Amino acid sequence: MSAFAYHFGFEFKTGLRNPNLLLLNYLFPFGFYVAMGAVMTQINPGFTDVMVPALAVFAILASTILGLPSPLVEDREAGVYRSFKINGVPALSILIVPALTTIFHALIAATLIAVTAPLLFGGRAPDNWPALFGVLVVTAFACGGIGALFGVISANSRATVLWSQLVFLPSMLIGGLMIPLSMLPPGVQPLSALLPSTQAMQAIQGLAYGQETLIPPLAALAALAGGALFSFGLATYLFNWDTRNASRRGHPAMALLAWIPYALTMLAM
Amino acid sequence: MIEPAVMVRGFRKRYGNLVAVDGISFEANPGEVFGLLGPNGAGKTTTLECLEGIRFPDAGSLRVMGIDPTRDGRRLRDALGVQLQASGLPGDMLVEEAMRFFCAYHRTEPRPDLIERLGLGEKKRTAFRKLSTGQQRRLALALAVAHKPKVVILDEPTAGLDVATRAELHTLVAELRQQGTTILLATHDMAEAEKLADRVAILLRGVIVALGTPRELTAAGAGLTKISIHTEAEPDLTALPLPEVAQAAQVDGYTVYFSRSPGETVVALLHEVERRGDKLIDLRVERPSLEERFLQLTSQGPALSEAEGEAA
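Residues numbered from 1 in each chain as written. Chains lettered and ligands numbered in written order. Predicted model: local features only at pLDDT ≥ 70, side-chain atom pairs only at ≥ 80, totals over all residues.

Quick look at the interface of chain A and chain B
Between chain A and chain B, the contact holds 21 residues from the first and 22 residues from the second. For the side of chain A that touches chain B, the secondary-structure elements that each account for two or more residues are α1 (3-17) and α5 (80-86) of chain A. Here the side of chain A that touches chain B takes six residues from α1(A), the largest share from any one element. Tallied by class, residues from the side of chain A that touches chain B come to 10 nonpolar, seven polar and four charged. (Contact = placed C-beta atoms within 7 Å. Helix = DSSP H or I, 4+ residues; strand = E, 2+ residues; numbered from the N terminus. Nonpolar A, V, L, I, M, F, W, Y, C, P; charged D, E, K, R; others polar.)

A closer look at the packing of helix α3 (residues 95-106) of chain B against helix α5 (residues 133-145) of chain B
All names here are of chain B. Interaxial distance between α3 and α5 falls to 10 Å at its minimum, and their mutual angle equals 25°. When the interaxial angle is binned, α3 and α5 end up roughly parallel. Once α3 is placed against α5, the crossing between them reads as right-handed. Residue-level inspection shows V95, A98, M99 and F102 of α3 in contact with α5, the latter providing L139, A142 and L143. (Axes fitted to C-alpha atoms, helices over the stretch in contact; angles between N-to-C directions. Parallel < 35°, antiparallel > 145°, perpendicular 65-115°, else oblique. Left-handed = near helix turned anticlockwise from the far one by under 90°.)

Section: the packing of helix α3 (residues 51-67) of chain A against helix α7 (residues 129-153) of chain A
Residues and elements named next belong to chain A. At a minimum axis separation of 9 Å, α3 and α7 run at an interaxial angle of 25°. In terms of axis orientation, α3 runs roughly parallel to α7. Helix-helix and strand crossings are classified by hand; for α3 and α7 the assignment is right-handed. Residue-level inspection shows P53, A56, V57, I60, L61, T64 and I65 of α3 in contact with α7, the latter providing L132, L136, T139, A140, C143, G144, I146 and G147. Within the contact of α3 with α7, the residues separate by chemical class into 11 nonpolar, four polar and no charged.

Digging into the domain arrangement of chain B
Residues and elements named next belong to chain B. Considered domain by domain, chain B is made up of domain 1 (6-212) and domain 2 (220-311). When each unit is reduced to the centre of its C-alpha atoms, the spacing between domain 1 and domain 2 is 38 Å. In this assembly, 10 residues from domain 1 lie in contact with seven residues from domain 2. Of all the elements in the fold, those that place two or more residues in the side of domain 1 that touches domain 2 are α7 (190-196), β8 (199-204) and β9 (207-212). A per-class count over the side of domain 1 that touches domain 2 returns eight nonpolar, one polar and one charged. (Domains from an automatic or database assignment.)

A few points about the nonpolar core
Membership of the largest hydrophobic core comes to 160 residues, with the highest contact counts inside it found for A:L55, B:A98, B:L184 and B:L185. No fewer than three residues from each of domain 1 (6-212) and domain 2 (220-311) of chain B sit in this core. Not counting the four nearest positions on each side in its chain, B:L185 is found in contact with B:V33, B:F34, B:G35, B:L36, B:L154, B:A193, B:L196 and B:A197. Membership of the second largest hydrophobic core comes to 13 residues, among which are B:L237, B:L242, B:V245 and B:Y254. (Core = buried A, V, L, I, M, F, W, Y, C linked by C-beta atoms within 7 Å. Buried ≥ 20, exposed ≤ 12 C-beta atoms within 10 Å, placed from the backbone.)

In structure tokens:
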């Protein structure tokens, strides 16, 4: 078995073994899904129209934005990267393998939610399933890139929580998951466009459900793909083997460049 | 001429205004155990980290098996095995997984025999975070040598180890040396350095203040021999007029002399004890240990240092 395959297998198992990661990869998304499916559909029957994409995107956000950065920071603080480096583990593998396995877990959870929501809670199934899964894959990479970027730029675990919540909480409030973008106040809509969840919901609604969207769905999809490329590229560039290195490549504020593709969609609104 | 396994020439490293290492040079030959000794902050770990390719030197050149650590990290990984002072592995990684994981990256077969040998056989299905400190260090050692590197760096290898494991590690180091492996050993344990190292360098505030075999270093002081005596009647014999004594002191019930000519001093001392009608309980004649020499050099052993100063 190649080193990369063994590394991937180990990180994938870690996503199930580690109680914190298990919680964020599966227990939290599934718990929220069941709660929303059981309660929200009773309170607001219209929720069934968006529950499949909203809860699938929520699962992706939980794994990638909340789950991915902390282990990256903790491992760096514990000197794991130093051990890896002296044993020939490439920097790219240290960053990319946990991101890929997290994306894999996120897509498993998102797929289970998407497939079961119509059966269990009457959620509206998409007209175009492949389009739904295609957008979810791109969304997972976009969010995985942001998670990796947060893991790289955070000085410590506390900072990681702050950065993660700066994306996760707005995503819940104005990210198109609970309230459609079109229903948000006009002044808030451009801010909402900066969130991957908004772009994901717009792309899914346009491409998988054939609905009218405020952001052209292909532009939203392109923003997600561009965001994934920018964030993974920046994470690789800003990666630091250990916190004791006095000099580091680039400034953490460079992470903001990852939002350029999302900001560009404002022009298309 | 034999190519040195490790070569350090004019190596300097600064952290801001702090000069961590100031132009040191040394070589370690194939099959040699080379000890790097020094107090905390002397520059040992900085030197090792630059050899490991974790940090970059500001000046000078470093080579490990002819490989420049700053330029050819990939070849360096195969030639070098490292047991870091503070090594971390993912907390959820099992012992046997760690062995397979690192051997996969080194493109070699896993070495379960090393796991057994270092007393981790029963822990091979245990996660790294559940191992004791000593067990974690043993695992780090097993991983450092599993791919049979030509050079092994051991940074405080026996810290936190029990006596039996320490002895096993010493045996392992001796075997590696017999197989031609060069070992760079950074340690605070002077007895360990004296026992294992062929040569040692003592680092102090970023410079090498002594370099040689342990015997050469201990002899390089003022050549004083330590004579300790304990008698039944007289606890303090420091005032005795003995020949060739540079200094005498009372230490833990013993009278300790530092002598330039131990034979003359001992004969005179025994004669004096007999003349006084006293009874000898214990008499020890020791050459200064590496630890005493180290303490002298690092200005932490004023008694010996002063005695040698007077003798000089």
